[in-house]
Structure formats: C-alpha cells, structure tokens
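In case you want the letters, here they are:
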Amino acid sequence: MTRQYKVAVVGATGAVGQQMVECLEERQFPVSELRLLASERSLGKYLSFKGREIPVDVLTRDSFQGIDLALFSAGGSVSKEFAPIAAAAGAVVIDNSSAWRMDPEVPLVVPEVNPQDIALYKNKGIIANPNCSTIQMVVVLKPLHDAARIKRVVVSTYQAVSGTGQKAVEELADQVRALFNNQELPRKVYPHRIAFNCFPHIDVFLENGYTKEEMKMVNETRKIMGDDSIRVTATTVRVPIFYGHSESVNIETERKLTPAEARAILSQAPGVKVVDDPAHNRYPMPLEAAGQDLTLVGRIREDFSIDHGLNLWIVADNIRKGAATNAVQIAEILIRDYLR
C-alpha cells in the first residue's frame, strides 16, 4: 500500500495556496490529511478537496503537529517565523516566498533543472521555491547550458497581475470596467493604473537602480543552475494580463548553437513545449499557457549582433508552474526518494 502523507498548506486561501490544493488533487498526491492554514481573516472559509469541504484553520505555532509536508505561500514574514517552527515539528517545508531562497543552507529547486539539490533539505528542513519568472526561464535555459554553456543572459519580463495576488487581479478587472463605464478608477495595489498600461516596476527599487524582482532573477538563476559565472541582467515589467508571464530572453553561449539545434534540444527537454512556427502565427502566448504546467518557448532565432547568440520567447502560467505546481513537483520527488 502506498504511504499517505499529512500535508499542510499555509496561505491556503490565496491564489497560489488555492492552486496548491488543486494541484495536490489533480496530481493525485497521496494525502491522508489536508490541513488548510491562513490568517484570522479566512476563518470560516472552506476549500474543496477530493469532493470534501475542508475548513480553513488559523495559523498558529501548534499548527504543524503530525504534519509530514508543509507547503507555504503566505509571504516572507510568515515564512521566516513559521517555516522553522514547522520544520522543528517534523515537517519538511516547501516555501514559495523569497524568505529562504538565497540562504546557502536551503536548496532552491526547479525539478527539471536541479532535482539533486532536494537532498539538502536535511540542512534546515526547508526547500525554497524560486521566483515565478526565474522558474520558467531556467527550465528552458538549463538544457541549452548543458549543450553549449551559457555565458550571459539578458531578460525582459512581461508579468501578469496575478503575480501580485488576487487583489491585483481584481484591481485590473475593476479598472477595465470603470474605464468602459466612465467611472473613477479604483487604485490600491499598484502605484499607477494597470488597465491598458504597463510599467517597469515589480517589487521595491534597490540602491543599484534595479528592482528586487530583477535581482531575484539574477541571483536565483545562478544558484539554481549551479554556476556563478553566468552573467545575468533583467528588466521586469508589469502588464495588464491576468495570468501568464512572458519573457524575452537573449543568451550568449560559449559554443555556437543554431536555432535548429536549440529547437531540437528543447523539444526533448522535460517540462518544455516548443511552439515555434511564425509562418502560421504559432508562438507562445499567455492565453495558451494559462491552465497548464508546461513552459512554452518559441521565436527561437539567431542574434546576429554577437557570434554565439540566440533570442527566445518564453511563456508559462505563473500561478501553476511558476509557483504551485513547482512546489508539488518538489513534494513528489521528496516522497519518492527521501521520505519513503
């Protein structure tokens, strides 16, 4: 008989938390007990799981007794406080916030890229889930890096409002309605109107002129790929799309890769789907990526401005592969290889 696991989801009523619950059910994760945890604001709410309505409990220091796996998606401050508590209670934590990503003792994992690093969970009982925009990029870059060694990455992202959370999704919808009805625009989440607009501002600005989101992509890419020599520069942009992040990625490789070679490599890469037929208007789009777990890549073409350069267009569902699915995939490897 397959072992069953007691699983907690922290931040269960948020967009990613709800998707984690859905992914656990979709992927038939062996759950014997599901404990849904959130703040007091969510008390009295229920989420559906395998035909049952599960009540949401308030997160406390005693919430993790008997829990085997704890999936966190409740923000950095909550993870900083409660992830060590969960680990001390015997749970393995998979954390979706930025709180633990750059801790040298905590593995930062994308299962298609560095599954071997999951073994390092024993250091602190915590595994970090990378930033959504980083996940979809490294899934595509890793097989190309293995084939030709990537020296430099220049990435510009076009990120959906769901990356900010459910309130941002509602704000975009409310602003669109308000504009069409000549009403005053509600604006609480973003510093500017997001409807029919875009702005290069995701997370806070740092002293070096980059945003925190941009530096996450720089630092996380190197850690996940296990190569600090890769030079990365990023510009992250918020766009008026509900779900699905898009990225324009330029890479410079040590050995020349033709577009045909890159397509062949990526067509065999785990978690990747090549959508690259411009003659028939086929290329990755957020509408196509939404609701699925594959990372789509297309517009693969040579960069004629350098000797060994390629341009790529990468799209993925930021709530699924960019967060919830990646966490559940980590959990699947944990129970397969380490927690049996």
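Thresholds, definitions, all that
Residues numbered from 1 in each chain as written. Predicted model: local features only at pLDDT ≥ 70, side-chain atom pairs only at ≥ 80, totals over all residues. Heavy atoms only, no water. Pairing = 2+ DSSP bridges. Helix = DSSP H or I, 4+ residues; strand = E, 2+ residues; numbered from the N terminus. Axes fitted to C-alpha atoms, helices over the stretch in contact; angles between N-to-C directions. Contact = heavy atoms within 4.5 Å. Salt bridge = Lys/Arg side-chain N within 4 Å of Asp/Glu carboxyl O. Buried < 20%, exposed > 50% of the residue type's maximum accessible area, 1.4 Å probe, protein only. Core = buried A, V, L, I, M, F, W, Y, C linked by side-chain atoms within 4.5 Å. Parallel < 35°, antiparallel > 145°, perpendicular 65-115°, else oblique. Left-handed = near helix turned anticlockwise from the far one by under 90°. Nonpolar A, V, L, I, M, F, W, Y, C, P; charged D, E, K, R; others polar.

Student: Explain the sheet that holds strand S11 (residues 272-274) here, please?
Tutor: Pairing between sheet strands relies on hydrogen bonds along the backbone, with the strands arranged either parallel or antiparallel. Ordered in space as S9-S8-S10-S13-S12-S11, the six strands form an open sheet in which the pairing is mixed. The sheet is open, and its two borders are formed by strand S9 (231-238) and S11, each paired with just one other strand. Across the sheet, the mean angle from the axis of one strand to that of its neighbour is 20 degrees, orientation sign disregarded. Inspection of the sheet shows strand S8 (residues 150-159) paired to strand S10 (residues 245-253) by eight bridges, in the antiparallel sense. Across the sheet, Tyr158 pairs through a bridge with Ser246, a residue of S10. Across the face of the sheet, helix H5 (residues 212-225) comes into contact with S8, S9 and S10 while running at roughly 145 degrees to S9.

Student: How do you make sense of the pattern of salt bridges when you look at a structure like this?
Tutor: Two side chains carrying opposite charge are able to pair once their charged atoms lie near each other. Inspection of the entire model under this criterion finds 20 salt bridges. As a salt-bridge pair, Arg149 and Glu254 come within 3.1 Å of each other at their nearest N and O atoms. A residue pair is termed long-range when its members are at least 10 positions apart, and Arg149 in the loop between helix H3 (132-148) and S8 and Glu254 in the loop between S10 and helix H6 (259-267) qualify at 105 residues. Assessed through its relative accessible area of 48%, Glu254 is described here as partly exposed. With a shortest N-O distance of 3.7 Å, Glu213 and Lys216 are connected by a salt bridge. Here Glu213 and its partner Lys216 are both found in helix H5, three residues apart, which amounts to about one turn of the helix. The same class applies to Glu213 and to Lys216, which are both buried. One network of salt bridges, in which partners are shared, links Glu26, Arg27, Asp293, Arg320 and Glu332.

Student: Just checking my understanding: could you explain the sheet that holds strand S3 (residues 46-49) for this structure?
Tutor: Pairing within the open sheet is mixed, and its seven strands lie in the order S3-S4-S2-S1-S5-S6-S7. Here the strands that pair on one side only, and so sit at the sheet edges, are S3 and strand S7 (126-128). Mean inter-strand twist for the sheet, computed between neighbouring axes without regard to direction, equals 25 degrees. Here helix H1 (residues 15-26) sits on the sheet and contacts strand S1 (5-10), strand S2 (31-38), S3 and strand S5 (69-72); the angle it forms with S3, its principal contact strand, is near 20 degrees.

Student: It is not clear to me how the environment of Val9 should be interpreted in this structure. Could you clarify?
Tutor: Residue placement: Val9 occurs in strand S1. What makes Val9 buried here is its relative accessible area of 0%. For Val9, the residues in contact, after removing those within four places along its chain, are Gly17, Met20, Val21, Leu24, Leu34, Arg35, Leu36, Leu37 and Leu71.

Student: In this structure, what is going on with the nonpolar core? I would like to understand it.
Tutor: Where a protein is soluble and globular, its nonpolar side chains tend to be buried together. One finds Phe64, Val153, Val249, Ile251 and Leu312 to be the most contacted residues of the largest nonpolar core, which totals 53 residues. The element contributing the most residues to this core is H3, with eight residues. Residues contacting Phe64, with those up to four places away along its chain left out, are Ala8, Val10, Arg35, Leu37, Leu59, Ala70, Phe72, Phe82, Ile85, Ala86 and Ala89.

Student: For this particular structure, what's the right way to read the packing of H1 against helix H8 (residues 320-337)?
Tutor: For any two helices packed against each other, the geometry comes down to the angle between their axes and how far apart the axes lie. Running from amino to carboxyl end, H1 crosses H8 at an angle of 50 degrees, the nearest separation of the two axes being 9 Å. In terms of axis orientation, H1 runs oblique to H8. Pair H1 / H8 crosses with right-handed handedness. In contact with Val16, Gln19, Met20, Cys23, Leu24 and Glu26 of H1, H8 contributes Arg320, Ala323, Ala324, Thr325, Ala327 and Val328. By residue class, the composition of the contact of H1 with H8 is eight nonpolar, two polar and two charged.

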